[in-house]
Amino acid sequence: MNSIIEEKSFKFATRIVKLYDHLKEKKSNLILLNQLLKAGTSIGANVVEAEKGQSKPDFYAKMSIALKEANETIYWINLLHETDYLSDSEFESIEKDAREICGMLVAITKTTKENISKNN
């Protein structure tokens, strides 16, 4: 792994896949689970693409997409919790991780945007 955000987003994606499998076995709402799986695993994929980007604007664009996916993931986690598919303990643990990643991505995109603006 190249960075802390890459490592954290990969570990988070692993948790999302395991949560998906766990809830799928319980015959949970597959439409909601598929949305969670898609958003939760794409965070890390976009982080990796950003880190391999060809320019600062490319890096910023991909990190911004990762941030959007992190926010979407939080939405699906909250929806699954409010509809009783996630227990309080399941929710609190994974939601905390999602918010931490989201916070990191906010800081990364803000700093990158400022640096791009200074160089133009």
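Below you will find a few notes about this structure. (Residues numbered from 1 in each chain as written. Predicted model: local features only at pLDDT ≥ 70, side-chain atom pairs only at ≥ 80, totals over all residues. Heavy atoms only, no water.)

1. Observations concerning the overall build of the protein
A count of helices and strands for the protein gives four helices and zero strands. Going from the N terminus to the C terminus, the protein shows its helices and strands as α-α-α-α. Here the C-alpha radius of gyration of the protein, 15 Å, is about what a compact globule of 120 residues would show, namely 14 Å. Counting only C-alpha atoms, the protein reaches 50 × 20 × 20 Å along its principal axes. Here the protein, with 120 residues, has 38% of them falling under the buried criterion. Across the protein, the fraction of contacts at a sequence separation of at least 24, relative to all contacts at a separation of at least 6, is 73%. (Helix = DSSP H or I, 4+ residues; strand = E, 2+ residues; numbered from the N terminus. Rg over C-alpha atoms; globule rule 2.2 N^0.38 Å. Buried < 20%, exposed > 50% of the residue type's maximum accessible area, 1.4 Å probe, protein only. Contact = heavy atoms within 4.5 Å.)

2. Focus on the packing of aromatic side chains
Going through the model one piece at a time under the given rule, you end up with one aromatic pair. Arranged with centres 5.0 Å apart and planes meeting at 80°, the rings of Tyr 75 and Trp 76 form a pair that is edge-to-face. By relative accessible area, Tyr 75 is classed as partly exposed at 49%. With relative accessibility at 14%, the residue Trp 76 sits in the buried group. It is Lys 56 that lies over the ring of Phe 59; its NZ or CZ is 5.5 Å from the centre. (Phe/Tyr/Trp six-rings, centres within 6.5 Å; stacked < 30°, edge-to-face > 60°. Lys NZ or Arg CZ within 6 Å of the ring centre and 35° of its normal.)

3. Here's the deal with unusual backbone geometry
Not every positive phi belongs to a glycine, and Asp 84 is a case in point at roughly 65°. By secondary structure assignment, the location of Asp 84 is in the loop between helix 3 (56–82) and helix 4 (88–119). We classify Asp 84 as exposed; its relative accessible area is 69%.

4. Examining the nonpolar core
By size, the foremost hydrophobic cluster in this structure holds 29 residues, and its most contacted members are Phe 12, Leu 36, Ile 43, Met 63, Ile 77, Leu 86 and Leu 105. Per-element accounting of this core gives the leading share, nine residues, to helix 3. Apart from the residues lying within four places of it in its own chain, the contact partners of Ile 43 are Ser 9, Phe 12, Ala 66, Glu 69, Ala 70, Thr 73, Ile 101 and Leu 105. (Core = buried A, V, L, I, M, F, W, Y, C linked by side-chain atoms within 4.5 Å.)

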